[in-house]
Each structure stands twice: as C-alpha cells, then as structure tokens.
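# Structural features, examined
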Amino acid sequence: MAPSIQHLVSLHDLEPYGDEDLEGAGERTGERAASGPIAVSEPALEDLVFSARRLISSVPPAERAEERFATGIETVDRLLDGGIERGETIEIVGRRTSGRFSLVLSALAAATRRGEAAALVDLGDHLDPEAAGRAGIVVERLLWLRPQHSRTALGGAELLLAAGFPLVVLDLGQPPVPGGRGVEASWLRLQRAAVTHRGALLVSTPYRASGTAAQAVLEVDGGRGGWLGHGAERSPQLLGGLAGHLVLRKARGRLSRSAAADDRDAEFELRVPETVSRGPEGGPHEALETTIRRFVSSHRGPGWSGWSREKERSWKRTRHGG
Amino acid sequence: MPASRPPSPVPPGPGTQGPGERQSGKQSPAEQGPEDDRRREKGRREKRPVRQKRIPRRPQPARPPKPQRKRRHARGGSRIACIVVPLFPLAARLRCEPELLREGVAIFEGDGAAARVVAATRPARAAGVKPGMTLTQARARLPKLIARARDAVCERTAHEVLLEVADAVSPRVEDPGSEQWGTAYLDTSGLERLYRDAGGPRAAERALGEELVRRLTAEGLPARIGIAASKLAARVAAGLPDSPVVVEDGEEAEFLAPLPLHRLSPDAEIAATLGRWGITSIGELARLPENEVASRLGDAGRRLHEIARGLDPRPLIARPPSPVFREGLTLEWPVINLEPFLFLARNALDRLCRRLEQRGLGCKRIEMSLHLESDGSLAQRNGYHQRSIELPSPTRDEKTLLTLLRLDLEAHPPGAPVVGFQLAAHPDAPKLAQLSLLGPASLSPDRLAETLARLFALLGPGRVGSPRSPSGHRPERFQLVEYTPPPPPKVRPPIEPGRGLLAVRVLRPPVELEVLTDGGGREPAGAGRSEAVGAGEVREGYEAREGREALEGREALEGIASLDRQAGIFRCRERPSPRPRELAPAVPEPKGVVVVPERKESARRETGTTAEKALRIQGSVRVASGPWELEERWWAEDRTERDYWDVELDDGALYRIYRDRRTGRWFADGVYD
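Within each chain, residues carry numbers counting from 1 in the order of the written sequence. Chain labels run from A onward and ligand labels from 1 onward, assigned in the order the entries are written. In keeping with the predicted nature of the model, local features appear solely for residues at pLDDT of at least 70, side-chain atom pairs appear and are counted solely at 80 or more, and the whole-chain, interface and lining totals rest on all residues. Excluding hydrogens and water, the side-chain values take into account all heavy atoms of the structure.

## Considerations on the pattern of salt bridges
Should a side-chain nitrogen of Lys or Arg be within 4 Å of a carboxyl oxygen of Asp or Glu, the pair is scored as a salt bridge. Per the counting criterion, the structure on display carries 57 salt bridges over all chains. The shortest N-O distance in the salt bridge between Glu85(A) and Arg68(A) comes to 2.8 Å. On the criterion of sequence distance, the pair formed by Glu85(A) in strand β2 (residues 84-85) and Arg68(A) in strand β1 (residues 68-69) is long-range, its members being 17 residues apart. Per-residue accessibility, obtained with a 1.4 Å probe over protein chains only, is compared with the maximum for each type, and a residue is labelled buried under 20%, exposed over 50%, and partly exposed between these values. A relative accessible area of 16% means that Arg68(A) is categorised as buried. A salt bridge links Glu327(B) to Arg351(B), with the nearest nitrogen and oxygen atoms 3.0 Å apart. Taken as a pair, Glu327(B) in strand β9 (residues 325-335) and Arg351(B) in helix α13 (residues 338-359) lie far apart in primary sequence, 24 residues in all. Pair check on accessibility: Glu327(B) and Arg351(B) agree, each one buried. Sharing partners across several salt bridges, the network here consists of Arg95(B), Arg156(B), Glu160(B), Glu164(B), Arg326(B), Glu327(B), Arg351(B) and Arg355(B). Runs of H or I in DSSP of at least four residues are treated as helices and runs of E of at least two as strands, each being numbered from the N terminus.

## With respect to the environment of Glu410(B)
Structurally, Glu410(B) can be placed in helix α14 (residues 398-411). With 72 residues separating them in the primary sequence, Glu410(B) and Leu338(B) have C-alpha atoms 8.2 Å apart.

## Some details on the sheet that holds strand β2 (residues 105-109) of chain B
All names here are of chain B. Strand pairing is assigned whenever DSSP detects at least two bridges linking the two strands. Strands sit in the order β3-β2-β4 across an open sheet of 3 strands; the sheet is mixed. Each edge of the open sheet is held by one strand with a lone partner, namely β3 (116-120) and β4 (146-149). For this sheet, the mean angle separating the axes of adjacent strands, direction not counted, is 40°. Judged from the 4 bridges that link them, β2 and β4 form a sheet pairing that is parallel. Axes, fitted as lines to C-alpha atoms, cover a helix only where it is in contact. Angles between the N-to-C directions of the axes lie from 0 to 180 degrees.

## Some details on the pairing of strand β3 (residues 89-93) of chain A
Residue and element names in this part refer to chain A. Counting buried positions over the 5 residues of β3 gives 5, a clear majority of the element. Side chains Thr-89, Glu-91 and Val-93 project from β3 onto one buried face, and the interleaved Ile-90 and Ile-92 project onto a second face that is buried too. Across 5 bridges, the pairing between β3 and strand β7 (residues 200-205) is parallel. Bridging from a neighbouring strand, Val-93 pairs with Thr-205 of β7. Two strands pair when backbone bridges link them, and β3 and strand β8 (residues 216-220) are joined in this way by 4 bridges, in the parallel orientation. Bridged to Ile-92 within β8 is Leu-218.

## Examining the confidence of the model for chain A
Residue and element names in this part refer to chain A. What pLDDT conveys is the predictor's confidence in a given residue, as a value from 0 to 100. When pLDDT is averaged across chain A, the result is 73; 64% of the residues are at 70 or more. We call two residues in contact whenever any of their non-hydrogen atoms come within 4.5 Å of each other. Ignoring residues within four places in sequence, the model shows residues 276-287, a span with pLDDT below 50, making 18 contacts including any to other chains. Taken as a whole, residues 295-309 scores under 50 in pLDDT and shows 40 contacts with residues more than four places along the chain or in a different chain.

## Focus on the side chain of Arg100(A)
Note on placement: Arg100(A) falls in helix α5 (residues 100-113). Under the relative-accessibility criterion, Arg100(A) is labelled buried at 0%. Dropping the residues within four chain positions of it, Arg100(A) is found in contact with Ile92(A), Val93(A), Gly94(A), Arg95(A), Asp171(A), Gly173(A), Ser204(A), Thr205(A), Pro206(A), Arg505(B) and Asp673(B).

Following this line, the structure appears as structure tokens:
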C-alpha cells in the first residue's frame, strides 16, 4: 500500500532536518544565537520549505487526494475522476428540478467537513441555512455571497479565488438569471484566476454559460421526482426523492484522458431529508421511514410512481444494507 | 567606552541610581537651608528702597550658579525629547494639501478686515509676507498669495499624527494639550541602547532624533527635536536650528546661558522690565540672585529665574493611547459633486491607513462626518451628515474603504454642499492565524479581511457572511454573521461519502401564484365558504371510495404528523376527526398553478431590473402531496399560518407551494433542485 502524504512527510523529510540540521543551518549563516532558541536564517528556512514542497510534489497525483474536491455523490465523482481538482473549472448545467443545487451543496458539505474553507456565490439567494446544515455543510466554514447581478457574482467569485478559497461554487440560480450569462471574457478571467490561485471552481447554471472556460461540463438530463404512495386519484402521496441522469458533455485536460468514451453518463439519486434516517440506531426519522413503508404497502401500489420497481428495490437494499 | 561620554556618571535608566548620587540628593536640602535663610535676610534688607521707588531696579549680579544644582538635576537620569513643528498651522495645512508646498501660501486667522497672517511659506516670506500682517497687506506684497484659514480639524489630526509617531518611538509620550498643538514630549530614557551602533549615548540620542525627524517628514510634518534632561531645556533645544540638538545631562544652564531671553517666552511685562535692566541673554538672568529677582518680579519672575538656571521640576505625564484615528479637512469652498469629494477623502484615507499601519491595526468601523453648508435656515445651520460603516473584518486597504464611502454616499447623499469632513477610524487588531503544513491550508487572515471588505464594497451591506439559521420554522429565514472560519484540523480527515439529500432552492421573496383547486373554479382571494364546501365534497368522495384502506392510511399519516412535530418539521394537518365538516375544514388541493400577472410587475419594481423576466411557474399539477401545516408566532399579529404542498407540474418541475391561511393567497417558496 502506498504511504500517505502525512506519513511520507513525517518520516522521510522532516527527520533529516532534526535539531542538528537546524543548528547546522544556523551556524552556516553565522546567525546562531549564543543560547536559547536556534536562529535559522531565511535562506536556510527557504531550503527547508523547498525540500518539503519537492517531496509533496513528488507524490503521484493519484495519491494527492486532498488536491481534489469530491462532490460526495459517487456517480458524479466517478465522472469527474475523483472530484474537482484545484485549478479546475467545472460547470454543471441543468434545468429546473434537475438536482444540481443538491449536487453543489453536497460538494460544499464534503469540502467543509474536511476542514476546508469554501464559498458559495448564490445569485438567486436560494440557500436555506438550516437545510445546508442538514446537508452536512459546516456553516462556520462557508462564506455565503448573495449578489443581485451576474456581473457582481462573477466579480465576487474572482475575488474569492484570489483570496485563496480552495473551493468556490458559483450558482446562477433559476432561468431568468439577473444580468444574463455574462461576457465570455469574464468567464475566462475567472478560469485564469482559478488556475493562478489553485482554487477549484464549480459553476452551476441553468444553461451553458461559461463558454470555452470550463474544463468539463456536466449536464443533468431531466430529473424526475420520486413519490412514495399510491398515486391513484385522491390518495395521499409523499415526495421521496429525485433521480437524474448526468452526462459529461465536454471534457478537457485530465478528464478527456481518463473518461472512457462509453462512460460519459451516470445516474444519481437524491432523497428528501425527512425520509432518511440519521443514525445507525435510528431515531424519529427511522420510525418515520417505517411508517412510510407501512403506508406504501397498505396502498399496495407501486411504491415509486416516478421510478421503476427495480430501482426501488435497489434503493431499499442500499438503505438497509441487504 | 567612547571618549564622548560625559565625565559625570550618567545612570542608563531611571531605575538604576547610584548610591552616591542618592546620598548627594539627600544632602542638598540640608546644605541649602542656612544659605537660603541668608539670602532671604538680604532680600528683606533690600526690599525697602524698591518699594519707595516703585520701579524694580536691576539687582547686582550674584556669584555663578552652584554646582550642587547641576548634580541635583543629574540625579534622576531621565531624558526627555521634545518635538516641535515650526509654523504648525501651516505645516498641518500643507500636510493635507501637499500640492501647495512650493507655492506662496499664508495661513490667516480671523474674518474680513481683522484677518491676520499667522504663518507663511518660504516663497511668501521671501516676498515680504510676515506674521501679524493683515491679509490685505500680505496680498499687496504678493498678489498671487494663496490664503487659507486656520483649520482646527487639520491641526488636530496633524497633532495626533505627531503623537502617534512619538508613540512609535517611545512608550511614554506626553500630549501638552490643545494650547500647544504641534508640540510633544517623549521619555527617551534607555532608548539610546537601541542605537548602540551610533557610538556613545550622545550620538545614540542624536540618531534617535534623526529617526524621529525622518518619520515625521514621511508623514508630511517638518519637525525639530531637542533632547535634554528636562522638558524646558528640550523645548528650547527643539527651537534651535540644526535639529536634533542634544543637551548633556547637567549642562542645561550652560546650554541656555548664551541664548537670547525670548527663547524662554517670558510674559510681556517681565520681558519689558528685564529689557530695561539691560538683560538680553538667559545667562545674564541666571546670574542675578534669585531672591532679588523674586522680590522685584514676583512669583513669575522667580519661576523664570529658575528656568533660566536650567531647573524644570515638571515631570513627564504620559497620555493613554487614542482609541480613534481621525483625519479631516475644512474646505475652502463647498463641494457639491461626489467625485471631487472622493478625491479629497482618498487623500485623507491614505493618511489614515498609513497611521493604522504604523500601529499594526485595522479599521473595524469608519465614521464619516460631513459638515454641510448652511443655507441660512435654522434647521440647516451647522448641519452635519453623519454616517457609520461597519466592516466585516478589520482592514486598512485604502481602496476598499474609499469604495465603501462612495457606495454609502451614493445611497445616502448628504443633501447639501459639503464644506468640511472628518473621517474617524475605530481600530481593531487584525486577526492572526497559525498556518499548518499537513492539514488543509487556512486562509491568510490579512487577505481574507481585505477580500471581505472588498466583497462588502462590491455587493453592499447584508450580502456577505456566514449563513446561520435563526430560531423559527419559516423556510425563508436566514441570518448572516461575520465570517470567522475555525482553524482547520491538524491532519486531513478522510473523505466521507455524501448524504445525497435533495435540496430546496428557497425563493426569496415567495412568488405569488394563482391556483385552481379541486373546489372547482378559481380560488377566491379570501378564505370563504365555497372552499370549505368544495373540500368537504372531496373528502366525502374520498372516504366513500377508499373505505377502510384509506382509514389505515390516515392513521399512518397521523403517525407522521406526531413524529414530525418532534423533529420540528411541518405538521400534517389531516387527522381523523369525528366531525370533519365542521371542525377541520380541509384545504383545497391545488390542481393547476399559474403565476399571478400583477406579481410580475411588482417583482420588477422591487428588484429594479426592468428588462428581466420574472420567474415563470405554470402548468397543471401532476402530483400534489399535502397539506403540511406550519404555524409560527401564533400569539403575534404578524403570525404565520401556512398549508404547504409539494407539487409536481406536468413539465416535471417540483415545487413547494403554500397557501397563506390568513389571506387565502397562494405562494411558491421553494423549488426542489
């Protein structure tokens, strides 16, 4: 098994620079104090940092998992070969009820839970902080921008990338985008900012907006709502979730190499929070789910009017580990 | 030990007195006791002829001052530096308007014919403009003279700058008060050790003085420095050319002796008397016997004599550091447009940011006070336009602050021409963070602060921050707090699989809809009888068709309702009731949804985006799930009572819509996405 990055740095790089070496570095430049803390000159410190950097860069990219931001949804990550890499611009396109906002929140949740700072430029002002917390986002690490115009949204995203935010999500909201899609030059500027400052940029738009700037474009091909319940006239139903079909429309750079020609689409599923249990022991929501199942079985209808029987069974399997 | 060291032992700091010196200090009053008595006796004998003649005569010169006096002074070992900005009103004005440096400028005080020149620049002085002239006289000598009135705001800020520069050099700084703007005293005891390379304590003090001059010149204030053991000697030394002037400890009297008497700035009456006596230098005054002078000139004369002998017992009184940084300017003519004002404000901000930088602080809140021109009416007289801008994070980025001022003034114009302004920056310490090598990289606090301020300027207030959910149940509620991310973990945690939850895009504000319900026809604006009847019919039919199965379903739904109440989510309103028609008027089920046309217009007006189309929600309902009841603040006037439905339209879009039970109107407040 390949050693992790922490392991390599601690064992092979920092060890030779023990106390003796630090002292030596101080002596070489004649900066060593008579007693007390060891004074290391700036060139010596630069040497140390440079060697640490060299070591980190010598680790193959596949090992550098921290360089990528996974979205947390398996099928999407598979399409993106592990997630969004730093310096990349990925665009997700989808019409209303496509599930792209959920994907965006999922990516933010994955990043903030790993301790990274992240920013959401929310042009439509659509974020519900409580739902964000439920989706797993560590809201203390999330910077939320509520611009009113696409121009200020693009400008804000550029500032955030320049400030060193490792993940910036730009959501253009619902179809009448205030200010339109913006000029292509500003998208290219944004992409250059992502490359220069090594930040990952995830753009979520109702229609293709970034032009040639994005490395990859994922398009959600119609999301369908899944309903729990009878579906017959007058019978109550419950919204259970959403299923969507994701297509990799454009891939450049590493994604064009890694994505196989026939592996450019994937299915994904999202569930309504109230129907998902939160812990292994269950809780109020586990009980709720039982109730829903009883309710569904009592109606003897197809459980998921939007989904196939097969899908429902697979969902139940994953839910209950069977 | 360098050769320039004085022969008398100078202790390096106030706390390191030699035992011998302390002893001499104790002895000196005992020695002086009988001698003073003798002098008093002599003074009493000589008083009579003075009273008879009523004109004080010049006393006979006494023996030179005693060496004990010198030692008494050398005892403390404290060193005091005095900074004096010559022609301070002029220097303060030129600091705010540096483009006038090479022009013939005069600062005047008073109005109209009473206007007198206070100070003038070198070109003006070369043309014959002198302090005390009337403005007309000055203009007669130099027609191109640029005249500026004394500006209290300018002088106050320049004085604050002076004190801040002194603060940057010494831990103890005295502010002599508003009477002596342009002067500051510093305690420099022990500071000479910081300039060891200079070679000797005297050279070190000279180097310290040079640094002070350099720093003040960088701030636009030409200054002179004097360093001595007493405040007075330092003040006189600072008045001399060839700055900085250092006076050796214990040699104050020798230093002062050759200087003309007016350096001590005596009272006019005493100065006239001394002039009649033929005394022109400080040394001549010092040589006169103290008692004789005191008997002729009174207490003021005695004090002057003491001063002339280099004795100044006043200690240095350190001031507390200032909590606010101010910059401002009184304008010569009123400014009407924003651009010229911002040009002036930019210079002031530049100075302000440099001052903050010197102290290692950032600006957390900036207060702008604009002095407005009076239009004669009582309401407008001495009008001030006060604005306060809170920053999300301390910053000293001048561009950002200027943009904030611009945005604020554009949003809240003062309404009258501006004749003066003052900017006050409330400082805060910038945030610090420890960077880590192995964990996720944290953001640089400086850059983050600057970016937050720039975002604040770009998007306006209330649009940048960290999201929080205040208590309540309405889905559109939110709260923005200051973004202060916690430090990242030391080691990267492993990647966890996501939860894959369906999120809702909240529509703020909710989009009003026109909904066709089962009740038949369009839903009336108010909750009426027709609705209840319609729903009742639906219910009846439903029960008849479904029978027992439906009842089971309802029980199940009731289970959901109670559980949801625990979880704090929506409550299901539908529950079995013995008399449904009367007690539980059901909510009409939505059948088709269209946006109310008037709403589009109002939305346009609110957002100001006339060219934009409003969000279009239209179609027939394929599936509807609900109603889910939401109640908030039932005790208040502005309570919320809503019945929520999840609906799927024929185009596949999923909406969360609700009917306001108080008004009967329908709204969409979310899109499942």
